[in-house]
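Okay, here's what each chain looks like letter by letter:
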Amino acid sequence: MGLSRLAALHGVATSYSPSPDVTVSVPDDTVIAVLAALGVDAGTPEDVRRSLVAAESRSRLLPPTVVVWAGEPLPPPLTGLPPGSTVTVEPEPAAVADSGAAPVGAVPTEAAEPAAARTGSGAAPAGWTQPPYGIHRLHVRTPDHHEATATLVVAPARVPQPPERTHGFLVQLYSLLSARSWGMGDLGDLADLAAWSGRTLGSGFVQVNPLHAAVPGKPTDPSPYRPSSRRFPDPVHLHVESIPEYGHVRDRTTLEDLHQDAAALSEAVLNKGALIDRDAVWELKRQALELIAEVPLTPGRRAAYCDFLAEQGQALEDHALWCALAEVHGPDWHAWPEPLRDPRSAATARARSGLLDRVDLHCRLAWLTAIQLADAQRAAEDAGMEVGIVHDLAVGVHPAGADTWSQQDAFAHGMSVGAPPDAFNARGQDWGLPPWRPDVLAATGYAAFRGLLRGLMAHAGALRIDHVMGLFRLWWVPEGRPPTDGTYVTYDAEAMLAVLVLEAHRAGSVVVGEDLGTVQPGVREALARRGVLGTSVLWFERDWDGDGRPLAPEKWRRDCLATATTHDLPSTAARLTGDHVTLRHRLGLLTRPLEEELTEDVTSTAEWLALLARLRMLPEGDGNEEAAVRAVHRFLRATPARMTGIWLPDTVGDRRPQNLPGTWDQYPNWRLPIADPDGHPVTLEEIAASPRLHGLMEVLHPAKARTAPPGARPR
């Protein structure tokens, strides 16, 4: 009982329910290991008793963070103060005060200014005046002279909302090569995709994969969901020729040689069956960017760069220093010389002095990438997109990367985020991502989370949050143990949501939560209350509380992004043809006999096709794959979903998944260009001219699609 009580006080679960009628106990060893990662000693019964006494003897007048929602009753930490208590609020500095900005076309939050909070059963404390939106310091003094200080988050009730109906493309940016790409898609291609699809097809958004900075190395981990840093983007996405200093590089011969090598990389990917080679792309871009960095900035550009450095502050300084040190000592900071493992040590400060040029280069690259991210969003807005670029926030970071080095106290070392066993994976999942410590987040006023969101939303019309349930709880797996031996650790969801809503309001960003899989009861309702859209994927939308059949379109939820597939799932063509089952069979991933898997898949697909036929969405009848893909999207458009996402590879009939969970070197995850049904890569220019694409988009935006001539058919 003592261990269970101690675990409960620190938000560590001692049991969980994979289904409503099943409860699984968490091994004591797991609970003890997780508590240790939170700085709580529970190794012996005596340690448990001592830690329990210490935890229960700590009485706080205020929690570390207090949340006030605009137009809603004050929370118990304020209304429950002893009678006669007084409060004072130290306002957020004006430099970071609420700007109230909203993107073009976005529906504002319900309250543009915070209304006076209504009190509940308790009265507002003496001296209380509703502060404006922001992150403030709250000071409380009781009549018996007890004092406390906390972070006060004052947030709007909801995040900005998208228009009532809009559609757009979902794409893994690296896979979208244009005729000018350097071996993989870049931010120039993103801006062009947005400009074309917004103007020609009436698209309201383009959603991309996380563009976070990767951990360098050969080979680099190609997964965009296991980055070195989520705070800063990766300069590998830069479109080199768009940098103003490019035209003033003196060594034109070397620059031209690099350009020719880049063209050869693209040619190999597009026409010779080569995979996208991020390391080779970066090697060429690195050399070109180093030449560009030798060109002096104009006075105006220098001033803008200095402003960027001041705005980003210590976070950018740390990130750039990690990048410079990684070039010397390797990408895993755990293997660096001992003094350099501490970002605040004297040895690290001396190393920085010796690496000033490289630190400045990495700061410069972050600035250039931010500029091109802004250019892409501006191109989307200029094209009439109501939302624009939808950026993606990965659930965590690589354990050896820049974020874990610079924010060591904020991470639970020796732990990894994953998922418990479920109906789809009996062994559970370990994603190899160290989690944030909820106690440190709370004690620091969620500074790391705030900075992360502010950086990502700076140039985003919307933000997609991968595994959004992580705002509430995460499955922690102790190092060296199977995912089945993990447990849930809870976070202060009220504070996490308040910070998210506040930063989204400031940036004018819509928020989409990826809420697929196991979802704790009440989570979807809490997210919906704050205006966070969910994610609905066609093949998973069934009447699970009834007959289990495909869910009729009118029964889908309104506040969601509705799609036919995602980056982790088969393309629509592969799903309709059963290709995804035979692929998994070839790779030895099936857990049941092939015939059994195929029978189940055919039955499931047939149910959906039958529904499409009954709804008269498939006039061409069975046997026409391209028509079936159109019918699927016709169905999505018939739902009340506010956002409809079209997987860009679906528009040209690509049958290959971009990522096949459960594989590493067995399948080229994250390295495939978009291709036609025969597997031949197609460029952005060919995609834009594809009759198949225009036939599909006729379903989603007939008036716009008819204005575009079909042009040449992709090879």
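Caption draft 1: The arrangement of the overall build of the protein in detail. The helix and strand inventory of the protein stands at 22 helices and 20 strands. For 715 residues, the compact-globule estimate of 2.2 N^0.38 gives 27 Å, and the protein sits close to it at 26 Å. Reported as C-alpha extents along the three principal axes, the dimensions of the protein are approximately 80 × 70 × 50 Å. Split into buried and exposed, the 715 residues of the protein put 56% on the buried side. Counting only contacts in the protein whose residues sit at least 6 apart along the sequence, the fraction spanning at least 24 positions is 73%.

Caption draft 2: Layout of the nonpolar core. Counting residues in each nonpolar core, the largest one holds 86 residues, and the members touching the most others are Leu138, Trp476 and Leu500. Looking at this core, the element that brings in the most residues is helix 14 (residues 493–507), giving 10 residues. With near-sequence residues (within four places) excluded, Leu138 lies in contact with Leu62, Val66, Leu78, Val87, Thr88, Val89, Trp128, Ala148, Thr149, Ala150 and Leu152. Residues Leu289, Val295, Trp322 and Trp336 belong to the second largest nonpolar core, which totals 43 residues.

Caption draft 3: Region of the structure containing helix 10 (residues 356–382). Counted at 1.5 Å a residue, the expected span for helix 10 with its 27 residues is 39 Å, and the 39 Å between its end C-alpha atoms agrees. Directly after helix 10, the chain includes Gly384, whose backbone phi takes a positive value near 90°.

Caption draft 4: Geometry of the sheet that holds strand 4 (residues 86–90). Judged by pairing direction, the sheet is mixed, and its four strands sit side by side in the order 3-6-5-4 without closing on themselves. Among the strands making up the open sheet, the edge pair consists of strand 3 (65–69) and strand 4. For this sheet the average axis-to-axis angle between neighbouring strands, irrespective of direction, equals 30°. With eight bridges connecting them, strand 5 (residues 134–141) and strand 6 (residues 147–155) associate as antiparallel partners. Bridging from a neighbouring strand, Arg141 pairs with Glu147 of strand 6. Against the sheet, helix 14 makes contact with strand 3, strand 5 and strand 6, and its axis sits at roughly 55° relative to strand 3, the strand it touches most.

Caption draft 5: Main features of unusual backbone geometry. A cis amide bond links Lys218 to the next residue, Pro219, at an omega of 0°. In this structure, His145 takes a positive phi of about 70° despite not being glycine. Within the fold, His145 resides in the loop between strand 5 and strand 6. Here His145 falls in the exposed class, since its relative accessible area comes to 56%.

Caption draft 6: Up close: the state of the cysteines. Summed over the entire model, instances satisfying the criterion amount to zero disulfides. Cys363 provides the cysteine sulfur closest to Cys306, a residue in no disulfide bond, and the two sulfurs are 11 Å apart.

Caption draft 7: Broad picture of the packing of aromatic side chains. Evaluated as defined, the whole model comprises 13 aromatic pairs. Ring plane angle 80° and centroid distance 6.4 Å describe the contact between Tyr16 and Tyr488, whose orientation is recorded as edge-to-face. Here Tyr16 is found in strand 1 (residues 15–19), whereas its partner Tyr488 is found in strand 16 (residues 487–490), with 472 residues between them in sequence. Residue Tyr16 is classed as buried on the basis of its relative accessible area of 9%. Among the residues examined, Tyr488 registers a relative accessible area of 10% and is labelled buried. Consider the rings of Trp556 and Phe635, whose centres lie 5.7 Å apart with planes at 65°: the pair is edge-to-face. With Trp556 in the loop between strand 18 (534–537) and strand 19 (560–563) and Phe635 in helix 19 (residues 625–638), this residue pair connects regions lying 79 residues apart in the sequence. Here Trp556 matches Phe635 in class, with each residue buried. Cluster of aromatic residues (ring-pair linked, three or more members): Trp539, Trp556, Trp608 and Phe635. One residue, Arg364, lies across the ring of Tyr305, its end atom 5.5 Å from the ring centre.

Caption draft 8: View of the pattern of salt bridges. Using the criterion set out here, one finds 42 salt bridges in the structure. Salt-bridge contacts for Arg344 lead to Asp318; the nearest nitrogen and oxygen are separated by 2.7 Å. Linking Arg344 in the loop between helix 8 (299–329) and helix 9 (346–354) with Asp318 in helix 8, this pair joins segments that are 26 residues apart in sequence. Take Arg344: its relative accessible area is 48%, and that puts it in the partly exposed class. Classification of Asp318 by relative accessible area gives buried; the value is 5%. The network of salt bridges with shared partners includes Glu283, Arg286, Glu290, Glu327 and Arg358.

Caption draft 9: Representation of the sheet that holds strand 15 (residues 473–478). Taken in spatial order, the four strands of this open sheet run 13-12-15-16, and their pairing is antiparallel. Two strands lie at the open edges of the sheet, namely strand 13 (429–433) and strand 16, each paired on one side alone. For this sheet, the mean inter-axis angle between neighbouring strands, taken without regard to orientation, is 50°. Here four bridges tie strand 15 to strand 16, and the two strands are oriented antiparallel to one another. Bridged to Arg473 within strand 16 is Thr490. Strand contacts of helix 2 (residues 28–37): strand 12 (415–419), strand 15 and strand 16, with the helix running at about 105° to strand 15, the strand carrying the most contacts.

Caption draft 10: Broad picture of the environment of His259. Secondary-structure assignment places His259 in helix 6 (residues 252–271). The partly exposed category is assigned to His259, whose relative accessible area is 28%. Note: C-alpha distance between His259 and Thr220 (39 residues apart in sequence) is 22 Å. Residues in contact with His259, not counting those within four places in the same chain, are Trp182, Glu241 and Tyr246.

Caption draft 11: Summary view of the confidence of the model for the protein. Of the residues in the protein, 94% reach a pLDDT of 70 or more, and the chain-wide mean stands at 92. Below pLDDT 50 for its whole length, residues 705–715 participates in 30 contacts with residues either more than four positions away or in separate chains.

Caption draft 12: Just a negative patch on the surface, in detail. A cluster of like negative charges, contributed by Asp251, Glu256, Asp257, Asp261 and Glu294, occupies part of the molecular surface. Take Asp261: it is sitting in helix 6. Looking at Asp261, the relative accessible area reads 41%, which means it is partly exposed.

Caption draft 13: Quick look at the side chain of Ser197. Take Ser197: it is sitting in helix 5 (residues 187–201). Ser197 gets classed as buried once you look at its relative accessible area, which sits at 0%. Beyond its immediate stretch of four places on either side in the chain, Ser197 contacts Phe169, Gly202, Ser203, Val206 and Met385.

Reading guide: rules and limits
- Residues numbered from 1 in each chain as written.
- Predicted model: local features only at pLDDT ≥ 70, side-chain atom pairs only at ≥ 80, totals over all residues.
- Heavy atoms only, no water.
- Helix = DSSP H or I, 4+ residues; strand = E, 2+ residues; numbered from the N terminus.
- Rg over C-alpha atoms; globule rule 2.2 N^0.38 Å.
- Buried < 20%, exposed > 50% of the residue type's maximum accessible area, 1.4 Å probe, protein only.
- Contact = heavy atoms within 4.5 Å.
- Core = buried A, V, L, I, M, F, W, Y, C linked by side-chain atoms within 4.5 Å.
- Expected span 1.5 Å × (residues − 1).
- Pairing = 2+ DSSP bridges.
- Axes fitted to C-alpha atoms, helices over the stretch in contact; angles between N-to-C directions.
- Disulfide = S-S within 2.5 Å.
- Phe/Tyr/Trp six-rings, centres within 6.5 Å; stacked < 30°, edge-to-face > 60°.
- Lys NZ or Arg CZ within 6 Å of the ring centre and 35° of its normal.
- Salt bridge = Lys/Arg side-chain N within 4 Å of Asp/Glu carboxyl O.
- pLDDT = per-residue confidence, 0-100.
- Patch = residues over 30% accessible without salt bridge, like charges linked within 9 Å, V, L, I, M, F, W, Y side chains within 5 Å.
- Areas by Shrake-Rupley, 256 points an atom, 1.4 Å probe, with all protein chains shown as cover.
- Lys, Arg positive; Asp, Glu negative; His and termini not counted.
- Charge placed at Lys NZ, Arg CZ, Asp CG, Glu CD.

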